[in-house]
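Descriptive structure summary
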Amino acid sequence: MRWYYKLPLRLRSIFHKNQAELDLSEELQFHLQNQIEEYVAQGMNRKEARHAAFRSLGGIEQAKEECRDARKVNVIDNFLQDLHFGLRILRRSPGFSILAILCLTLGIGANAAVFSWIEGILFRPYPAVTHQERLVAVGGASRGEPRGNPLSWPDFQDLQRSCTLCETLLVSKITGTTLSIGDRAERTTGSIVSANYFDAIGVHPILGRGFLPGEDTGQSAHPVAVISYQLWKGRFQGDPQIVGKTQRLNGVVHTIVGVAPKGFYGTFVGWGMNFWVPASMEDVFESGGYKLEDRGARWIESYARLKPGVSLQQAQQEVGAISGRLEAGYPTTNRGRGIKLWPLWQTPFNNAGTLLPTLEIMMAVVAFVLLIACANVGNLLLVRSCARRHEMSVRLAVGAGRARLWKQLLTEGLVLSLFGATGGLLLAYWCRHLLVLLFPARGGVQMHLPGELDWRVLALSAGVCLLTTVLLGVVPAMQTSKIDLAHSLKMEAAGVVGGGGRAWVRSGLVLVQVSLSFILLVGAGLLMQSLLKIRTASPGFTTRGVQYTAIDLVSAGYDRVRAQTFQDALLERVKALPGVESAAFARMTPLTYVSSSEAPIAVDGYEPPPDESPGVEYNEVGPDYFVTMGIPLVTGREFSRADDEKAAPVAVVNETMASRYWKGQSPLGRRLQMKGRSLQVVGVAKDSKYSSVRENPQPFFFVPLRQNSLRGSGLHIRTPLAPDVMGAAIAREVRALDSNLAPYEVITMQEQLDRSTSAQMVAVKLVGVLGGLALLLAAIGLYGVMSYAVSQSTRELGLRMALGAGASNLLRLVMSRGLVLTGGGVVLGAAVALALTRLLGNLLYKVSPRDPVAFGSALALMMIVSLAGCFLPAWRATRTDPSRALRD
Amino acid sequence: MAKPTDLVQGTLDLLILKTLVLQPMHGWGIAQRIRQVSKEVLQVTQGALYPALHRLEQQGWIRAKWGESENNRRAKFYSLTADGAKYLRQEEAQWKRLSLAIELVLDTP
């Protein structure tokens, strides 16, 4: 019973088959010898004794076979035989094999590729990080707001001190800088991190060091940076003496203290990081000044690694208790604010959250494609199994058990799906980094979305392959169980169109194909419509005719005064360009990743409810911003050149903010406290979209650029000219002012909007392409079934013709049969689609999951395709020669 | 391919294991011994003996080793494993219960 007895014996039976056979012969020979000797001893002569011994023992070969059975050699032997036979059959019909393997490669490959993306992006996004399976995202959560928001540095430190279930906590906040000032300004991404960052994630710099404890304290006190391997190799040509050299980052000279190892891209899903700076350098990279001592300034994105064996729920309870204490201890800043943990794949502050619904849909879609591919291959196998009926009958007749036939057919299915799986994994290997191609670069930085082909993906693919095998094997196997030996020796009775017992399996498969592709078509239609709605819905500002670029003066080392002079001069020059109607600088451009700042505010006369600490996002904008962007003002005025550092601080609020804090009264002339300053409201702007097209109207306000940070690098231009014309002109003007400077690429706001909705676009593209593929497969399936039906029923068709049916009658007969199949598939598909489309939820925008247009157009498309699929067989039916059909 | 019924197979297994309690033996020896001990009543044929030996080996109850036979020929000797001894004790008890029960039934007039 013990495996260590059995395993060597089994292995011996397989791999030392000859030796085992020899042993068996010798053993039996020994027995025979002894028997002979016994007979001799009883007085027979040698020859007689020999004969007698053979007689008494029964057949030697029979005994051997039974010993082999006892050793279970036959199970393996039969399998090898089946395998061999399966391969031979595939070789004999290369057309069928190639088609079937292609279908399966596509189906399995698509699945493996999507698994690898999900693994690499959602579940194991940071391969270089130790124990990432225990890593969770940490963020703030205000009551009644499911979306996560950032934490403040003091809150993070308190959490770090008091969390006992966390092994380690670390900060990693995405930021960016402009690196090459010269011909082209290049944006690169980096992270602001806590000093424990590299130790906490177990990544050790290959040159130099990580950050030292205490380097994340003090305002701009530690200008040190660790750079990525890619940056080191690319920009610094792999300089071995790099440690100790300096690099200007956002205008501040940083000392490079280390180089991160190859293959480490930081801890942010969506972009690869190229540099890391300690949190003390925060005010160099972040807007809104020095925030390390400000509990109200929330800007941190962080992660925690839980201790082994601690569940997310347990940790969440402890973290909840800590945030409760913080709330009680610091009511002015923390009232109504909690701290929440998320699993990595739901991280709210990177692209994991945005990609999740898209990847989920992809997974469903590729599963559909696999099913359709299986149905198609199943259909092909069926056609072949009809051709192999005779072979099966003979096998049964000579005594093969049904179980043995099933085993053989399943092995053949396995051979096919193994080929498919091999091809599929190769396909997945090539596609593992392809997802990124579907996303346009944003702000000149290409996204970083690597797939991961690890053992989990391989195991899943193997599972898919096994499932496919069973599906493929079962169909022809079902057919064999219906073989009636006596009957199959006689001539097969001629069929009628669509009739016959066997046809239902094939028709059933086509039904499944049609319904699955109908579901995909509906999904594609719905996604397409919502994409159109998103891209054409007004975001509250002009999208066409407004362009945007940026000039990063901070990175170029400009100080406040020089930057102001430069911006004024550039604005004058740009406004003077032919075709420019107006232009304005602003810190943040809507719908870009650059987040708007948020500040706690106090409004005179507004008493916040006890569980709310009002914090509102704002933007810093230059004169003429509203005119340029096309955001209408409801009342009041917008900022002018006069609203500079010497003038009284002012603000423009949006309608939602006005109605929330001033409750129907005009906010004009009222005051608003922010960061210890009192701003007078001078205007009310219409609501528009700020960080996402899909966001609900939210309070927002604007302050003049000159009265604030001056980090405004975004130049917004209203012009009817083409972006490339504008781009060339602006580059010329910038260079005229400073030959070392270059602007970013110039794009329209519409382009910006399109880029910000690329997740939807990707979903539409993928579902569209795969839906089209499914449609094609379904059409092929339908064509196959109808052709087969026609070829099997020439007798009936001939008879009908002889009895006076015209070509049009026959055409109608065959076509209607095909359309009934399609109709059935569509009804089935529609029923399932109605249940499934709700799951698109988040990706749909102002489109009902039961949208009649999507269903209608899917129906129309399906019908057209099925008509096309049926026409050729139907036409062939009309060409039946009645005299020949009846004679044969 | 008629195979021995379970009863017959189980019984043969039992006899083989019991025979091997004394010492390791080769197939021929086992057959002879069973014949002698049963006073020529039980004749184990080669066709039944060797598949049974191989099956028992597969199950780990006996182990095979090549050695020298009493007349100096190479022969395969089977010996009882610890698992086999345990199994034998179980089966022996089971058999005794069963045969007692059958006797009872047959003796009842």
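Starting afresh in each chain, residues are numbered from 1 along the sequence in its written order. Think of it this way: whatever chain is written first is A, whatever ligand is written first is 1, and the rest follow in order. For a predicted model such as this one, the threshold for reporting local features is a pLDDT of at least 70, and the threshold for listing and counting side-chain atom pairs is 80 or more; totals across whole chains, interfaces and linings nevertheless cover every residue.

Here we look at the overall build of chain A
A run of H or I in DSSP counts as a helix once it spans at least four residues, and a run of E counts as a strand once it spans at least two, with each numbered from the N terminus. In terms of regular secondary structure, chain A is built from 28 helices and 21 strands. Sorting the 888 residues of chain A into buried and exposed places 45% on the buried side. When contacts within chain A are restricted to residue pairs at least 6 apart in sequence, those whose partners lie at least 24 apart make up 82%. Comment: burial labels come from other C-beta atoms within 10 Å of the residue's own C-beta, placed from the backbone, where a count of 20 or more is buried, 12 or fewer is exposed, and between is partly exposed. Contact definition: two residues whose C-beta atoms, as placed from backbone geometry, lie within 7 Å.

Some remarks on the overall build of chain B
A count of helical and extended segments in chain B gives four helices and three strands. In sequence order, chain B lays out its α and β elements as α-β-α-α-β-β-α. Taking all 109 residues of chain B together, 30% fall into the buried category.

Some words on the confidence of the model for chain B
All names here are of chain B. pLDDT expresses, on a scale from 0 to 100, how confident the predictor is about each individual residue. With 92% of its residues at a pLDDT of 70 or more, chain B has an overall mean of 83. When mean pLDDT is compared element by element in chain B, strand β1 (residues 25-26) scores highest at 90, while helix α1 (residues 6-20) scores lowest at 77. Note that residues 1-7 has pLDDT below 50 and, in this model, two contacts with residues that lie over four places away or in other chains. The ipTM for the predicted assembly is 0.81, set against a pTM of 0.69.

Description of the sheet that holds β1 of chain B
By this definition, two strands are paired if DSSP reports at least two bridges between them. Taking strand neighbours across the sheet as the criterion, the three strands line up as β1-β3-β2 (chain B) in an open arrangement whose pairing is antiparallel. Edge positions in the open sheet fall to β1 and β2 (62-68) of chain B, since each of these has one partner strand only.

A word on the packing of helix α24 (residues 758-792) of chain A against helix α27 (residues 852-878) of chain A
Residues and elements named next belong to chain A. Axis lines are fitted to C-alpha atoms, over the contacting stretch for helices. Their N-to-C directions set the angle, which ranges from 0 to 180 degrees. It is the contact of α24 with α27, at a shortest axis distance of 8 Å, that shows an interaxial angle of 20 degrees. Here α24 lies roughly parallel to α27, going by the angle between them. Considering only the axes of α24 and α27, their crossing is right-handed. The segment α24 lies against α27, with L775, A779, L782, Y783, M786, S787 and V790 engaging V865, S866, A868, G869, C870, L872, P873, R876 and A877. Polar here means any residue outside two lists: the nonpolar Ala, Val, Leu, Ile, Met, Phe, Trp, Tyr, Cys and Pro, and the charged Asp, Glu, Lys and Arg; Gly therefore counts as polar. By residue class, the composition of the contact of α24 with α27 is 12 nonpolar, three polar and one charged. Roughly parallel means an angle under 35 degrees; roughly antiparallel means over 145; roughly perpendicular covers 65 to 115; every other angle is labelled oblique. Left-handed describes a crossing whose near helix is turned anticlockwise from the far helix by less than a right angle; the clockwise case is right-handed.

Observations regarding the pairing of strand β9 (residues 302-306) of chain A
Regular strands show a simple pattern: their side chains alternate between the two faces of the sheet. Residue and element names in this part refer to chain A. In terms of burial, β9 is a largely internal element, five of the five residues being buried. Here β9 shows a buried face lined by S302, A304 and L306 and a second buried face lined by Y303 and R305. As defined by bridge partners, strand β1 (residues 135-142) adjoins β9 across four bridges and the pair is classed as antiparallel. By the bridge assignment, A137 is partnered in β9 with Y303. In this structure, strand β2 (residues 166-178) lies alongside β9, joined through five bridges in antiparallel fashion. Looking across to β9, one finds that L170 is bridged to Y303.

What to know about helix α23 (residues 749-756) of chain A
Where α23 of chain A is concerned, the buried positions are M749, Q752, L753 and S756 of chain A. Projection of α23 of chain A onto a plane perpendicular to its axis shows the buried side chains occupying an angular sector of 100 degrees, all on one side. The arc in question is the one traced by the directions running from the helix axis out to the C-beta atoms.

Comments concerning the pairing of strand β3 (residues 187-193) of chain A
Residues and elements named next belong to chain A. Judged by how many residues are buried, β3 sits mostly within the fold: six of seven residues are covered. Here β2 runs beside β3; their pairing, made up of seven bridges, is antiparallel. If you follow T178 over to β3, its bridge partner there is R187. The pairing of β3 with strand β8 (residues 275-278) spans four bridges and is parallel. Bridge pairing in β8 places I192 opposite V277.

What about the packing of helix α26 (residues 807-836) of chain A against α27 of chain A?
Residue and element names in this part refer to chain A. Running from N to C, α26 and α27 point in directions that differ by 150 degrees, and their axes come no closer than 8 Å. Our classification of the angle between α26 and α27 gives roughly antiparallel. Where α26 crosses over α27, the handedness of that crossing is right-handed. Seen from α26, the contacting residues are A807, L810, L811, V814, M815, G818, L819, T822, V826 and A830; seen from α27, they are F855, L859, M862, M863, S866, G869, C870, P873, A874, A877 and T878. Within the contact of α26 with α27, the residues separate by chemical class into 16 nonpolar, five polar and no charged.

Here's the deal with unusual backbone geometry
Phi is positive for H131 of chain A, which is not a glycine, with a value near 50 degrees. Residue position: H131 of chain A is located in the loop between α6 (94-123) and β1. Unusually for a residue other than glycine, E40 of chain B sits at a positive phi of about 70 degrees. Here E40 of chain B falls in the exposed class, since 8 other C-beta atoms lie within 10 Å of it.

Side note on helix α4 (residues 82-107) of chain B
For α4 of chain B, with 26 residues, the first-to-last C-alpha span of 37 Å sits near the 38 Å given by 1.5 Å per residue. Of all 26 residues making up α4 of chain B, only two are buried, and the element is barely covered by its neighbours. Multiply 1.5 Å by the residue count of a helix minus one, and that product is the helix's expected span.

Quick notes on the environment of L15 of chain B
Residue and element names in this part refer to chain B. Assignment of secondary structure puts L15 in helix α1. A count of 20 C-beta atoms within 10 Å places L15 in the buried class. For the pair formed by L15 and I30, sequence separation is 15 residues and the distance between their alpha carbons is 9.1 Å.

Some words on the environment of G829 of chain A
Residue and element names in this part refer to chain A. Structurally, G829 is set in helix α26. For the pair formed by G829 and V512, sequence separation is 317 residues and the distance between their alpha carbons is 8.2 Å. The contacts of G829, once residues within four sequence positions are left out, are V514, S515, L516, F518 and I519.

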